[in-house]
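Spelled out from the first residue to the last, the chains are:
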Amino acid sequence: MGAVAVARPPDNLTASAIGSCVVTILYDPASRIGAMAHAMLPSYSGAKEHESQDTKYMDAAIDEMIKKMVTQGAIKGNLEARLVGGANMFPKLKSYIGRDNVLSAKKKLEEEGIEIVGECVGGSVGRSVEFSVASGIVTVTTKF
Amino acid sequence: MLKSQEIIREAAMSASKALSKLTDVPVAVGIHQSNLLSVKNLQPGLNPEELVVGIYLPVAGEILGGALLAIPKKDAFMLSDLLGGKDSGTTRKLNELDISALKEVGNIVCGTYFSVLANKMKIRIIEQLPNYSYDMFGAIVSQILADLTQTAGKALFVEMEFVFSPIFFRAYYLLFLNSSELEELL
């Protein structure tokens, strides 16, 4: 968790056992540069100062993805996003962390002007995801 | 003896007694290994994609945190056979009765640890209702970590087995704490 990775074809990016965390996938179809971030917490606004750039936070992770992608040649205006995760693994537990992670990711992407073209979020099921940077196809699997 | 080892040993003995009472057969709770891990880099040694039954018992009172009992799918199904008085290998899918029985096992095991901790520390720990999940271990644990990460510093990881002679079941216990006093105790 907190990992941010950038890749080009023929590499695939994967994340497994996603619960309340949200995996954000950014893709520039023109340059075929993709990135994935696996963040655990909604926002660093409440974090300690030294943690503010910690990519376990959704907003910091998205900032880092954009920065790394642009450095490698992606055009920010081309980016499109997909979101996976944000579940509540204990349906009877009053936990809003998954929902807040999704809301935080959406808010940050809107602020950055990045369109969300796909999402598989919420519910109470764990997910794994594979992103083919060559094709731009995102495959989400569950154990059920 | 380390305090954490003493707590684990006492809790295992209490859990053995309580599970024996629940099932009406002698049950021994064995400890394979235990480690005190940093929550920030938690690697409990179980495949994150492994399907487990997870029973999570949050606590309130003078300390905040929770405990998770994770039972791998195969062991949970075998345990359901035993708890439900079914022939071995009968359980293919967990029904409400199976889930209720597994929650009770989780409640007993997690509860005994909290009782021992409360006695050692002379504090009041208020147990909340047990919560059930059946999914990938990593997905379950990450949510607990996310809920507690701002406060919890350490997690106690215990690999255990329940012996209903001659059958035994694997289980994994994780205790998440936010109290610095408790970290010192452990």
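You'll find the structure just up there.
Scope of this entry: the structure provided in the associated data block. Each chain carries its own residue numbering, running from 1 in the written order of its sequence. To read the labels, note that chains go from A and ligands from 1, taken in the order they are written. For this predicted model, a pLDDT threshold of at least 70 governs which residues receive local features, and a threshold of 80 or more governs which side-chain atom pairs are given and counted, while totals over whole chains, interfaces and linings are taken from all residues.

This part covers the interface of chain B and chain A. A residue pair is marked as a contact if its C-beta atoms, positioned from the backbone, fall within 7 Å. At the interface, 17 residues of chain B touch 19 residues of chain A. By definition, any uninterrupted DSSP run of H or I lasting at least four residues is a helix, any uninterrupted run of E lasting at least two residues is a strand, and each is numbered from the N terminus. Counting residues per element, the ones that place at least two in the side of chain B that touches chain A are strand S2 (51-61), strand S5 (131-136) and helix H4 (137-148) of chain B. In terms of residue count, the dominant contributor to the side of chain B that touches chain A is H4(B) (8 residues). Classifying every residue of the side of chain B that touches chain A by side-chain character gives 8 nonpolar, 6 polar and 3 charged. Gly falls in the polar group here, along with every residue not listed as nonpolar (Ala, Val, Leu, Ile, Met, Phe, Trp, Tyr, Cys, Pro) or charged (Asp, Glu, Lys, Arg).

On to the packing of helix H1 (residues 3-23) of chain B against helix H3 (residues 96-121) of chain B. All names here are of chain B. To obtain each axis, a line is fitted to C-alpha atoms, and for helices this fit is confined to the stretch in contact; angles are then taken between N-to-C directions over 0 to 180 degrees. Running from N to C, H1 and H3 cross one another at 140 degrees; their axes reach a closest spacing of 9 Å. When the axes of H1 and H3 are compared, the pair comes out oblique. When you trace H1 past H3, the crossing you get is right-handed. Note on element contacts: H3 touches H1 through Glu104, Val105, Ile108, Val109, Thr112, Tyr113, Ser115, Val116, Leu117 and Lys120, opposite Ile7, Glu10, Ala11, Ser14, Ala15, Ala18, Leu19 and Leu22. Its residues assigned to classes, the contact of H1 with H3 comprises 12 nonpolar, 3 polar and 3 charged. Here is the rule for angles: anything less than 35 degrees is roughly parallel, anything more than 145 is roughly antiparallel, 65 through 115 is roughly perpendicular, and the remaining ranges are oblique. Crossing handedness: left-handed means the near helix sits turned counterclockwise from the far one by under a right angle, and right-handed means the same turn made clockwise.

All right, on to the environment of Val22(A) then. Residue and element names in this part refer to chain A. With respect to the secondary-structure elements, valine 22 resides in strand S3 (residues 22-28). In the structure, valine 22 is positioned 80 residues away from valine 102 in sequence and 6.5 Å away in space, judged by C-alpha atoms. Residues within four places of valine 22 in sequence aside, it is in contact with Ala39, Met58, Leu83, Gly85, Gly86, Asn101, Val102 and Ala105.

Bringing the pairing of S2(B) into the picture now. All names here are of chain B. The burial label depends on the number of other C-beta atoms within 10 Å of a residue's C-beta. Counts of 20 or more mean buried, 12 or fewer mean exposed, and intermediate counts mean partly exposed, with C-beta atoms placed from the backbone. The buried fraction of S2 is high, at 8 of 11 residues. Strands are labelled as partners when DSSP assigns at least two bridges between them. Here S2 runs beside strand S3 (residues 65-72); their pairing, made up of 8 bridges, is antiparallel. Bridge pairing in S3 links glycine 54 to alanine 70. Between S2 and S3, which follow one another and run antiparallel, lie 3 residues. As paired elements, S2 and strand S4 (residues 125-127) share 3 bridges and run antiparallel to each other. Bridging across to S4, glycine 61 finds its partner in isoleucine 125.

With an omega of 10 degrees, the peptide bond running from Pro9(A) to Pro10(A) counts as cis. Along the chain, the position of Pro10(A) falls in the loop between strand S1 (3-7) and strand S2 (12-18). Positive phi outside glycine occurs at Ala17(A), with the angle close to 55 degrees. Along the polypeptide, Ala17(A) turns up in strand S2. The phi dihedral of Lys122(B) falls on the positive side, at around 55 degrees, and the residue is not glycine. Mapped onto the elements of the fold, Lys122(B) is located in the loop between H3 and S4.

Moving on to helix H2 (residues 73-83) of chain B. Residues and elements named next belong to chain B. Turning to H2, its buried residues are Ala76, Phe77, Met78, Leu79, Ser80 and Leu83. Where H2 is buried, its residues contact H1, S2, S3, H3 and strand S7 (167-177). Just beyond H2, the residue with positive phi is glycine 85, at close to 65 degrees.

Residue and element names in this part refer to chain B. Contact geometry for H2 and H3: axes closest at 10 Å, N-to-C directions at 100 degrees. What the angle tells us is that H2 and H3 run roughly perpendicular. Facing H2, whose interface residues are Ala76, Leu79, Ser80 and Leu83, H3 presents Asp98, Ala101 and Leu102. Along the lines of polarity and charge, the residues of the contact of H2 with H3 split into 5 nonpolar, 1 polar and 1 charged.

Glancing now at the sheet that holds strand S8 (residues 138-141) of chain A. Residue and element names in this part refer to chain A. Read across the open sheet, the 3 strands follow the order S2-S7-S8; overall the sheet is antiparallel. On the outer flanks of this sheet lie S2 and S8, each paired with one strand and no other. Recorded for the sheet is a direction-independent mean angle of 10 degrees between the axes of neighbouring strands. Sheet analysis places S2 next to strand S7 (residues 127-132), joined by 5 bridges and oriented antiparallel. Following the sheet pairing, alanine 15 is matched in S7 by valine 129.

Another aspect to go through is the environment of Val70(A). Residue and element names in this part refer to chain A. Residue position: valine 70 is located in helix H1 (residues 58-71). On the neighbour-count criterion, valine 70 (14 C-beta atoms within 10 Å) is partly exposed. As for valine 70 and lysine 107, which are separated by 37 residues in sequence, their C-alpha atoms are 20 Å apart.

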